[in-house]
Amino acid sequence: MSVAGETSGRAQEMRDKARHLTEAAERATDPEQRQRLQEKARKLQEQSEQLGNLGSGDTRRSK
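Since the structure is predicted, the reported quantities are computational estimates derived from the model, not experimental observations.

**Some words on the overall build of the protein chain**
Step number 1: Within the protein chain one finds two helices and zero strands.
Step number 2: The buried share of the protein chain, taken over its 63 residues, is 17%.
Step number 3: Long-range pairs, those at least 24 residues apart, make up 52% of the contacts in the protein chain between residues at least 6 apart in sequence.
Step number 4: Just so you have it, the protein chain exposes about 5000 Å², and 47% of that area is on carbon and sulfur atoms.

**Focus on the nonpolar core**
Step number 1: Judged by nonpolar contacts, Met14, Ala18, Leu21, Ala25, Ala28, Leu37, Ala41 and Leu44 together constitute the single largest core of eight residues.
Step number 2: Listed by contribution, the elements that provide at least two residues to this core are helix H1 (3-27) and helix H2 (31-55).
Step number 3: Considering every element that reaches this core, the biggest residue donor is H1, with four residues.
Step number 4: Residues in contact with Leu21, not counting those within four places in the same chain, are Leu37, Lys40, Ala41 and Leu44.

**Notes on the pattern of salt bridges**
Step number 1: In this structure the tally under the stated criterion is four salt bridges.
Step number 2: The partner of Glu39 in a salt bridge is Arg42, and the shortest N-O contact between them spans 2.4 Å. Here Glu39 and its partner Arg42 are both found in helix H2, three residues apart, which amounts to about one turn of the helix.
Step number 3: On the basis of relative accessibility, which here comes to 32%, the residue Glu39 falls in the partly exposed class.
Step number 4: Glu46 is the partner of Arg42 in a salt bridge, and the nearest nitrogen-oxygen pair spans 2.5 Å. Separated by four residues within a single helix, Arg42 and Glu46 lie in helix H2, roughly one turn from each other.
Step number 5: Salt bridges linked by common partners bring Glu39, Arg42 and Glu46 together as one network.

So, how was this worked out
- Per-chain numbering applies: the sequence of each chain, read as written, is numbered from 1 onward.
- Thresholds applied to this predicted model are a pLDDT of at least 70 for local features of residues and 80 or more for the giving and counting of side-chain atom pairs; totals over whole chains, interfaces and linings are not thresholded and use all residues.
- Water and hydrogen atoms play no part in the side-chain values, which are based on all heavy atoms of the structure.
- Only runs of H or I of at least four residues qualify as helices and only runs of E of at least two qualify as strands under DSSP, and these elements are numbered from the N terminus.
- Between buried and exposed lies partly exposed: a residue is buried under 20% and exposed over 50% of the maximum accessible area for its type, with that area taken using a 1.4 Å probe on protein chains only.
- Throughout, a contact is declared for two residues whenever any of their heavy atoms are within 4.5 Å.
- What sets the accessible areas is the Shrake-Rupley method with a 1.4 Å probe; for residues, cover comes only from the shown protein chains.
- Throughout this description, the term nonpolar core refers to a set of buried Ala, Val, Leu, Ile, Met, Phe, Trp, Tyr and Cys residues connected via side-chain atoms within 4.5 Å.
- Every case where a carboxyl oxygen of Asp or Glu lies within 4 Å of a side-chain nitrogen of Lys or Arg is listed as a salt bridge.

Here you go:
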């Protein structure tokens, strides 16, 4: 498998995990736990986007 393919696969795994964390946050009854899960999901989503950009050859930094 190519490096770009591996990077793309890893980015997809991270997006999936972020989605699961978001869903868990929606089910959480404790506000602090909900906030922690949402923050983890947000960070993972950002990382997956950066990784996806690297895999596609787009080296621009998004802000």
